[in-house]
Each structure stands twice: as structure tokens, then as C-alpha cells.
Amino acid sequence: ASSRRRRSRAIMGKKEETPEQRAARKAKEKGEKKSDKGEKKEKKEKKEKKSSDGGDEGDKKRPTATPDEIRTLFFGQMPFDTKSSDIMPWLKANLTRHGCGFDIKDIRMAGGDGTGTPGKAKKFKGYAFVDFTTNKAAKKAMKLHQTLFRGRPVTVERCARKEYAAPKSEKRKRAAEGGGEGADGEPEKKMLKTLVEPDAVKAMVAEAAENSEGTLAANDCDEKVLSFLGLLPSDVCQKAVNEIKKVCMKGNQAKNKGAYFMGIIRKVSKTSWEERAKADAAKAKGAAES
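Note that the structure is predicted; figures quoted are calculated from it, not measured.

A.B. asks: Lay out the overall build of the chain with the relevant residues and their values.
C.D. replies: Check the secondary structure of the chain and you find nine helices and six strands. A total accessible area of about 21600 Å² is found for the chain, and carbon and sulfur atoms account for 52% of it.

Below you can see the structure in the form of C-alpha cells.
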């Protein structure tokens, strides 16, 4: 039988495998299997390492609360009988679906939440500041803008002051001392150019008051009105004063005379500038045709 097999292999052009060749072939196959196992193990280790790195990144996305990472939003237009116990469940219900329902750090209600000592509780002013521990929670909460809260659409805005603003007390102190620099060391903004001297403006107003048959007093025009008149050209300033006198003589009076007179001045100024623009355009057109 063995001789028959050797004869058939010889006929087919194949040589019989010797014991040495067989041992070498098995050793080679064993080495290939071992290398395959090594490659699979290496791939598995890389995959596990990648997944662990991804987990670290996920932890970075949801860090613990620190003062620098807290994001604050302004919630306005809330009902005046709102309490903090009403805001927290509403926020959690809307943020939990995005996986950040527990990223709310604090709710600070303007004027108090009405849960203090009986008889001494302050009235809620209709707006609150909410601190979030993650950017994701703050971004999702921004989408609640103009959504209904207890039957009213609320406004949601970011609370951020990009530049330092000096307190009013400091500004008044600096103005009293005659300082010319802002809180950050930069020069204050220059005032608008005055075209009519303050004494000339006061003289125009005094003359109009004398000819108004008692309907206009010189002190009806406060400092703001007088300074605004001084910013106008002389002819426009005179027109505005005459218009104020005309309106007062007609009996049209208002409780806030300063604001009322400012509106008249703006209207006269706008009309004058429009007339001047039309005259300049006509003059330019005539020059072009000639």
C-alpha cells in the first residue's frame, strides 16, 4: 500500500514528505498560529486602552464644580409668586432628557423666594440667576428661552461682563476730583462738540419765556435740555426754542417737561438736517447739469 502511494505521488509529480520536512512544516504552522494570537492580543490591548482614554475624556466633559467652571444664566419674566422649589423641578425635567439634570449648582432669586421667616419674607422680583456646573447644561438651558414656565414665557440670557465697569460711587468721586481717566487707566470718552455757548442758549430760552405769555418758564428747561440745545447749530437751536414756545402757548403740556422738550428738539433737528440734505443734493445736481 505504501509503495502504491509512493507510485501515485510520483505519477502526479509530487514528492513524498520526509519526517524532517513534516516536523518543519508543523513548527512553521505553530509559529504562525502563535503570531496570530499575539496580534489579536495586541489589538485587544489597544482597543481597551482607547476605550479607557475615551472614558477619561468623558469624565473631562462632566467635571466637578469649580468656581471657574460655573456658568450663570439670567431667567426673567417669571411670576412674582414663584419659589425656588418651583424652578428646580422645572429645570431638572428639561435638562434630564439631555443627561445634565444634576448639573444645577445654585438658584439665586432676586428679592427672596418667600420662604423665610413668616411676616418678614421678601417679595420675589420676577427674575433669578441660576449657576450650572457644566457648559453643556448652560447651553441646553439657553434653549428654554421663550418657553412657558407656570403659564408665562421666560427670558433666558447669559450673565457675562466682558470688561470691568467702575461703580457709580467711584465714577462720581473721580468726576469730583477732575480725573480724566477711566477705571482701567484709559482716557474717558470725549464729549460732543458744543456749537452754541451755554450763555447764548440760556439767553434764547429766557427770551422765549418772556414772549410766551406765561406759558413757559426759564427753569422749565433743565440742564439736559440746555446742553442738548447747545449741540445744535445756532439757527437750528433757535428754531427748536421757538417750537417749544409755540407748543407751550398752544396749551400742550406734559408732566415730564424735560422729556417732552427733548422730543421736540429731536424732531426739529431731524427736519432741519433733512432740509439741508435736500438743498445740498439739489445744489450738487445743478452743478452737475451746468
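Having seen the structure, we can now continue with the description.
A.B. asks: Quick one: what's the story with the nonpolar core, residue by residue and with numbers?
C.D. replies: Nonpolar side chains in soluble globular proteins generally cluster together in the buried interior. One finds L229 and F261 to be the most contacted residues of the largest nonpolar core, which totals 23 residues. Those elements giving two or more residues to this core turn out to be α6 (198–210), α7 (223–230), α8 (234–249) and α9 (257–289). Of the residues forming this core, the biggest block, seven residues, is contributed by α8. If we ignore the near neighbours within four places in the chain, the residues touching L229 are V201, V205, C237, A240, V241 and I265. Within the second largest apolar cluster, 22 residues are counted, among which are F75, L91, C100 and F124.

A.B. asks: Kindly report on the packing of aromatic side chains, identifying the contributing residues and their values.
C.D. replies: Within a pair of aromatic rings, the relevant descriptors are the distance that separates the centres and the angle that separates the planes. Taken as a whole, this structure holds six aromatic pairs when the rule is applied. Taken together, a centroid distance of 6.2 Å and an interplanar angle of 40° make the contact between Y260 and F261 tilted. Taken together, the ring pairs in this structure connect F74, Y127 and F129 into an aromatic cluster. A cation sits over an aromatic face here: R276 above W273, 5.0 Å from the ring centre.

A.B. asks: Give a detailed account of the state of the cysteines, specifying residues and quantitative values.
C.D. replies: This model, assessed by the stated rule, comprises zero disulfides. C221 provides the cysteine sulfur closest to C248, a residue in no disulfide bond, and the two sulfurs are 7.8 Å apart. Taking the relative accessible area as the measure of exposure, C248 reaches 2% and is therefore buried.

A.B. asks: An account of the sheet that holds strand β3 (residues 128–132) is requested, with residue identities and associated values reported.
C.D. replies: Strands sit in the order β2-β3-β1-β6 across an open sheet of four strands; the sheet is antiparallel. Each end of this open sheet is capped by a strand with a single partner; those strands are β2 (104–109) and β6 (155–158). Looking at each pair of strands side by side, their axes are set apart by 25° on average, direction ignored. The sheet contact formed by β2 and β3 spans five bridges and is antiparallel. What sits directly across from I107, in β3, is V130. Docked against the sheet, helix α3 (residues 84–95) engages β1 (71–76), β2 and β3, running at close to 145° with respect to β2.

A.B. asks: Outline the packing of α7 against α9, supporting the account with residue identities and numerical values.
C.D. replies: Taken N-terminus to C-terminus, the directions of α7 and α9 make an angle of 10°; their axes are 9 Å apart at the nearest point. What the angle tells us is that α7 and α9 run roughly parallel. Contacts between α7 and α9 pair K224, V225, F228 and L229 from the former with G258, F261, M262, I265 and R266 from the latter. Residues belonging to the contact of α7 with α9 are distributed by class as follows: six nonpolar, one polar and two charged.

A.B. asks: Tell me about unusual backbone geometry, and name the residues and values.
C.D. replies: Backbone geometry at Q77 places phi at a positive 60°, although glycine is not the residue there. Within the fold, Q77 resides in the loop between β1 and α3. When its relative accessible area of 44% is taken as the criterion, Q77 is described as partly exposed. Although it is not a glycine, R150 adopts a positive phi angle of roughly 55°. Mapped onto the fold, R150 is located in the loop between β4 (148–149) and β5 (152–153). Accessibility expressed as a relative area gives 41% for R150, which makes it partly exposed.

A.B. asks: Describe the side chain of T82, naming the residues involved and giving the relevant values.
C.D. replies: Structurally, T82 can be placed in the loop between β1 and α3. Classification of T82 as buried rests on a relative accessible area of 1%. Among the polar contacts made by the side chain of T82, one reaches the side chain of R150 at a distance of 3.1 Å.

A.B. asks: Describe the confidence of the model for the chain, listing the residues and the values that go with them.
C.D. replies: Overall, the prediction assigns the chain a mean pLDDT of 76, with 73% of residues at 70 or greater. Mean pLDDT values for the elements of the chain range from 55 in helix α1 (residues 2–12) up to 92 in helix α4 (residues 135–142). pLDDT under 50 marks residues 54–68. Its contacts with residues more than four places away, or in other chains, come to nine contacts.

Basis of the calculations
Residues numbered from 1 in each chain as written. Predicted model: local features only at pLDDT ≥ 70, side-chain atom pairs only at ≥ 80, totals over all residues. Heavy atoms only, no water. Helix = DSSP H or I, 4+ residues; strand = E, 2+ residues; numbered from the N terminus. Areas by Shrake-Rupley, 256 points an atom, 1.4 Å probe, with all protein chains shown as cover. Core = buried A, V, L, I, M, F, W, Y, C linked by side-chain atoms within 4.5 Å. Buried < 20%, exposed > 50% of the residue type's maximum accessible area, 1.4 Å probe, protein only. Contact = heavy atoms within 4.5 Å. Phe/Tyr/Trp six-rings, centres within 6.5 Å; stacked < 30°, edge-to-face > 60°. Lys NZ or Arg CZ within 6 Å of the ring centre and 35° of its normal. Disulfide = S-S within 2.5 Å. Pairing = 2+ DSSP bridges. Axes fitted to C-alpha atoms, helices over the stretch in contact; angles between N-to-C directions. Parallel < 35°, antiparallel > 145°, perpendicular 65-115°, else oblique. Nonpolar A, V, L, I, M, F, W, Y, C, P; charged D, E, K, R; others polar. Polar contact = N/O pair within 3.5 Å; in protein donor to acceptor, adjacent residues only side chain to side chain. pLDDT = per-residue confidence, 0-100.

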